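An overview of the molecular structure
The primary structure of each chain is shown beneath.
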Amino acid sequence: MEARVHTELRRPLRAVPLLRDVLGRYDATHTRELALYLSWLAVAYADANEPEEAAATAARVMSLSADVASERTADRVRVVLARLAEYAEVPEVRAVLDSAT
């Protein structure tokens, strides 16, 4: 929860290490929750001006979300894509944005 707060406050230097730590210990069988936490990590990477990392993480979010019937994950995918739009000229980001359409 602390990492999500830092993400929402656009404090990526605090959010990224916390999220990476949590995700490193997270049970991969909880697909929905994993996708949600990865979505906050993608946004934090974008806020940290790391569009390539944000794109790679967003691609994973989208892949996981495709296997889950959850409006919440679908909403988070939209949030992540909107945040990535600022970096549309970065090839990795462009590929993720194009794959979402």
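Residues numbered from 1 in each chain as written. Predicted model: local features only at pLDDT ≥ 70, side-chain atom pairs only at ≥ 80, totals over all residues. Heavy atoms only, no water.

What to know about the packing of helix 2 (residues 12-24) against helix 3 (residues 31-47)
Packed helix pairs are specified by the crossing angle of their axes together with the interaxial distance, meaning the distance between the axes. Threshold: Here an angle of 0 to 180 degrees is reported between the N-to-C directions of two axes, which are lines fitted to C-alpha atoms, with helices fitted over the stretch in contact. Counting from the N terminus, the helices are DSSP H or I runs at least four residues long and the strands are E runs at least two residues long. Each angle is binned into one of four classes, with values under 35 degrees roughly parallel, values over 145 roughly antiparallel, values of 65 to 115 roughly perpendicular, and all other values oblique. Here a crossing is called left-handed whenever its near helix is offset anticlockwise from the far helix by less than a right angle, and right-handed whenever the offset is clockwise. Contacts were defined at the residue level, with two residues in contact if any of their heavy atoms lie within 4.5 Å. Polar here means any residue other than Ala, Val, Leu, Ile, Met, Phe, Trp, Tyr, Cys and Pro, which are nonpolar, and Asp, Glu, Lys and Arg, which are charged; Gly is therefore polar.
Here helix 2 crosses helix 3 at 150°, and the two axes come no closer than 9 Å. For the element pair helix 2 / helix 3, the angle class is roughly antiparallel. Both helix 2 and helix 3 take part in a crossing whose hand is left-handed. Across the interface between the two elements, Pro12, Ala15, Val16, Leu19, Arg20 and Leu23 of helix 2 pack against Leu34, Tyr37, Leu38, Trp40, Leu41, Ala44, Tyr45 and Asp47 of helix 3. For the contact of helix 2 with helix 3, a count of residues per class yields 12 nonpolar, no polar and 2 charged.

Things to note about the environment of Leu64
Short version of the rule: Note on classification: 1.4 Å probe, protein chains only; a residue is buried when its accessible area is under 20% of the maximum for its type, exposed when over 50%, partly exposed between these limits.
Tracing the backbone through its elements, the reader meets Leu64 in helix 4 (residues 51-66). Judged by relative accessible area, Leu64 falls into the buried class, the value being 17%. Each C-alpha atom, one on Leu64 and one on Arg83, is 19 Å from the other, the two residues being 19 residues apart in sequence. Sequence-distant contacts of Leu64, that is, excluding residues within four places in its chain, are made with Thr31, Leu34, Ala35 and Leu38.

Description of the packing of helix 4 against helix 5 (residues 71-84)
Where helix 4 contacts helix 5, the two axes come as close as 10 Å, and the packing angle between them is 160°. With respect to helix 5, the axis of helix 4 lies roughly antiparallel. When you trace helix 4 past helix 5, the crossing you get is left-handed. From helix 4, Ala54, Ala55, Ala58, Val61, Met62 and Ser65 reach across to helix 5, where they touch Thr73, Val77, Val80, Leu81 and Leu84. Considered class by class, the residues forming the contact of helix 4 with helix 5 number 9 nonpolar, 2 polar and no charged.

Quick word on the pattern of salt bridges
Let me state the cut-off plainly: Salt bridges are identified by distance alone: a Lys or Arg side-chain nitrogen within 4 Å of an Asp or Glu carboxyl oxygen.
Enumeration according to the criterion identifies 9 salt bridges in this entry. Across the salt bridge formed by Asp47 and Arg10, the nearest N and O atoms sit 3.1 Å from each other. Of this pair, Asp47 sits in helix 3 while Arg10 sits in the loop between helix 1 (2-8) and helix 2, placing them 37 residues apart in sequence. Accessibility expressed as a relative area gives 52% for Arg10, which makes it exposed. Two residues, Arg94 and Asp98, come together in a salt bridge whose shortest N-O distance is 2.8 Å. Residue Arg94 and its partner Asp98 are both found in helix 6 (residues 91-100); the two are separated by 4 residues, about one turn of the helix. Taking relative accessible area as the criterion, Arg94 reaches 36% and is therefore assigned partly exposed. By relative accessible area, which is 41% here, Asp98 ends up partly exposed. It is possible to trace a salt-bridge network through shared partners that takes in Arg10, Asp47, Arg83 and Glu86.

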